[in-house]
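One letter stands for each residue in the lines below.
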Amino acid sequence: MKRLGRLGTGIGWRPEIADAVEAMPGIDWVEAVAENLCPGHLPESLLRLRERGVTVVPHGVSLGLGGADRPAEDRLTALAERAGALGSPLVTEHIAFVRAGGPLTASPLLEAGHLLPVPRTRDALDVLCENVRIAQAALPVPLAVENIAALIAWPDDELTEGQFLYELADRTGVRLLVDVANLHTNHVNRAEDPAKALAELPVEAIAYVHVAGGFERDGVWHDSHAHPVPDAVLDILADLASRVAPPGVLLERDDNFPDAGELERELDAIRRTLRRAATVESAAVRQTASVTASTATTAAAEASVADDLPDCTPARQRVALAQTALLSALVAGTPVPEGFDRVRLGVQSRALGAKRADVVAKVAPELPEILGAEYRPAFLAYAHGHPMSDGYRRDALDFAAHLLLGGQPETPGSTESRRLLREWWLDRSGPAPRSQHPTARLARATRRVLLRR
């Protein structure tokens, strides 16, 4: 049996806090968003951490293991490359769907740009298990999957959160990344009992734990990862730690970063919570809770794509239709599927639009600079009728093209704004950036003069 060492206490590595993370005492490991890393050009900060012996775990956000389609080979290859480049002991992803539509439904492909919950049905579980097995067979290290936070609930769930995760782990041997902040979110938003979920989990399958903050507004908890960790989340962590000592615990922070001192205080609060939860009675359990991966599990993962597996296609088609109907209602304004809470779907839809605006502003920071205060309202108006279909970079280009074709923006100084927007779009919409050589620039200027004539 291959045994992987305990992770300890860690923090989510982000470029904005890279220097602070390097200087923090007592950091055993870090987690980095896989899609933000290039294996051949890893950030110097991560390389320095690796040289010091700090474990780095790539955390994927776009695989869509809970979606109706099989995992894309290129995405699996990219995740495997990042695990290899970082020398990681495992990789992690989410139990979620992030896109829907396409060939299974003979409809346009839609991207959520966000992690959306899968229905806890037998069909969805069958699809998820097959997708996890495919991923396990393609990855060079063990896979752990994370429970997500949700604003909405499916009306036809057949299993509880704990039952769903138990069966997933039992059938695939996959490890679990338990996010206690997400359990709190689902407690507020969907009236689900965190203690019951923990009681139903196979605690021996836990790879590590996420802790994060959020905020409540109008009775809805928003898992922002941009606010301090509340006591309610630490209480759930204490409950989990009283059942089993997690091999690793990690503090997540994605935005609104405080100073290093505040982050260290949050890490200290996590450590105190774990110490208080430790009991003599649970000592024996703690010794067996390390992340492990047996050869039998590996063999099962490799055999999972064999021809003798039950045909999952009918289940995939049913799941595809359900997920496409929900995502279309959220991002394309189609009717709300029967059984869903219309008000809550409205909250989720607005949250998706706001997240798109925020991420596009990060991916293409020139757009808010060019458009100023008009950027956000213009993007939200665009997003209402233009679903994302191919990631945030394409979304930024499509938004700029939409404005230019519509003769926008129409504000004081709009002529200059349109010129800058056009230049930005032209530089990025082709297969390669436009040449900035003086001869090429002169040729472009000459063409513009001739066209005006």
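Given the structure is predicted, the values throughout are model-derived calculations rather than measurements.

What counts, and at which threshold
- Residues numbered from 1 in each chain as written.
- Predicted model: local features only at pLDDT ≥ 70, side-chain atom pairs only at ≥ 80, totals over all residues.
- Heavy atoms only, no water.
- Phe/Tyr/Trp six-rings, centres within 6.5 Å; stacked < 30°, edge-to-face > 60°.
- Helix = DSSP H or I, 4+ residues; strand = E, 2+ residues; numbered from the N terminus.
- Buried < 20%, exposed > 50% of the residue type's maximum accessible area, 1.4 Å probe, protein only.
- Pairing = 2+ DSSP bridges.
- Core = buried A, V, L, I, M, F, W, Y, C linked by side-chain atoms within 4.5 Å.
- Contact = heavy atoms within 4.5 Å.
- Salt bridge = Lys/Arg side-chain N within 4 Å of Asp/Glu carboxyl O.

Inspection of every chain in the model, using the stated rule, returns seven aromatic pairs. Ring centres 5.9 Å apart and planes at 80° place the aromatic pair Y375 and F399 in the edge-to-face group. Pair noted here: Y375 is in helix α15 (residues 375-385) and F399 is in helix α16 (residues 391-405), with a separation of 24 residues, a long-range link. In this structure, Y375 and F399 share a single accessibility class: buried. An aromatic cluster is present here, built from Y375, F379, Y382 and F399 joined pairwise through their rings.

Further remarks concern the pairing of strand β7 (residues 107-116). Side-chain direction in a regular strand flips from residue to residue, so the side chains alternate between the two faces of the sheet. Bridge count for strand β6 (residues 97-102) against β7 is four bridges, and the pairing is antiparallel. Paired with R99 across the strands is E111, a residue of β7. In sequence, β6 turns back onto β7 through a hairpin of four residues, with A106 there showing a positive phi of about 50°.

It is characteristic of soluble globular proteins that their nonpolar side chains tend to be buried jointly. Counting residues in hydrophobic clusters, the biggest one holds 87 residues, and the most contacted among them are I11, V30, L143, L168 and V211. Top element by residues in this core is helix α4 (residues 122-138). It accounts for six residues. If near-sequence neighbours (up to four positions away) are discounted, I11 is found in contact with V21, M24, I27, W29, V30, E31, L250, L251, L263 and L267. Counting 21 residues, the second-largest nonpolar core is a separate cluster that includes V360, I370, Y392 and W424.

Here we take up the pattern of salt bridges. When the charged atoms of two side chains lie near each other, side chains of opposite charge can form a pair. Taken as a whole and judged by the stated rule, the model has 21 salt bridges. Its salt-bridge partner being R394, residue D398 comes within 3.1 Å of it at the nearest N-O pair. Separated by four residues within a single helix, D398 and R394 lie in helix α16, roughly one turn from each other. The exposure class of R394 is partly exposed, given its relative accessible area of 31%. E423 serves as the salt-bridge partner of R422, at 3.7 Å between the closest nitrogen and oxygen. On the basis of relative accessibility, which here comes to 37%, the residue R422 falls in the partly exposed class.

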